[in-house]
Amino acid sequence: MVAIAYALVLSGLAVAAVWLAVLIVPLQPVSAAGQIVRVGAAPLDWSLSGPGQLDLFGQTIPTRVHFDGPIRPGWS
């Protein structure tokens, strides 16, 4: 019973750490083909995989590439 409680607490801490990391890490400027873009993580949702995210002129566009895992790249 104690092992299950430890597993639940550890899982909760892992989820909280991923959420906090995506929330507080700022977008990083990157130069690509003469254009400066900001690269970071797409906002989290409840799925464990999905597309990345491109923010272009205030519109959010999902990428064609499918990423496994809760953290997916986001470009602005």
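All figures in this text were calculated on a predicted structure; none of them were measured in a lab.

Q: When you look at the overall build of the protein in this model, what are you seeing that I'm missing?
A: Looking only at helices and strands, one finds one helix and five strands in the protein. Reading the protein from its N terminus to its C terminus gives the helix and strand order α-β-β-β-β-β. Against the globule reference of 11 Å for 76 residues, the protein gives a C-alpha radius of gyration of 16 Å, more extended than a compact globule. Referenced to the eigenvectors of the C-alpha coordinate spread, the extents of the protein come out at roughly 55 × 25 × 20 Å.

Q: Looking at this model, I keep getting lost on the confidence of the model for the protein. Mind explaining?
A: Where the model shows low pLDDT, its predicted coordinates should not be examined in detail. Here the protein averages 79 in pLDDT, and 96% of its residues register 70 or above. The secondary structure element of the protein with the lowest average pLDDT is strand E5 (residues 73-75), at 68, and the one with the highest is helix H1 (residues 2-24), at 89.

Q: What should I look at first to understand a nonpolar patch on the surface in this one?
A: On the surface, Trp19, Leu20, Leu23, Ile24, Val25, Leu44 and Ile71 cluster together into a nonpolar patch covering about 690 Å² of accessible area. Tracing the chain through its elements places Leu20 in helix H1.

Q: Please clarify how the environment of Gly52 should be interpreted in this entry.
A: Tracing the chain through its elements places Gly52 in strand E3 (residues 49-56). You can call Gly52 buried: its relative accessible area is 3%. Put simply, Gly52 and Ile24 are 28 residues apart on the chain and 18 Å apart in space, counted from C-alpha to C-alpha. Apart from residues lying up to four places away in sequence, Gly52 is in contact with Ile61, Pro62, Thr63, Val65, Phe67, Arg72 and Pro73.

Rules used in this analysis
- Residues numbered from 1 in each chain as written.
- Predicted model: local features only at pLDDT ≥ 70, side-chain atom pairs only at ≥ 80, totals over all residues.
- Heavy atoms only, no water.
- Helix = DSSP H or I, 4+ residues; strand = E, 2+ residues; numbered from the N terminus.
- Rg over C-alpha atoms; globule rule 2.2 N^0.38 Å.
- pLDDT = per-residue confidence, 0-100.
- Patch = residues over 30% accessible without salt bridge, like charges linked within 9 Å, V, L, I, M, F, W, Y side chains within 5 Å.
- Areas by Shrake-Rupley, 256 points an atom, 1.4 Å probe, with all protein chains shown as cover.
- Salt bridge = Lys/Arg side-chain N within 4 Å of Asp/Glu carboxyl O.
- Buried < 20%, exposed > 50% of the residue type's maximum accessible area, 1.4 Å probe, protein only.
- Contact = heavy atoms within 4.5 Å.

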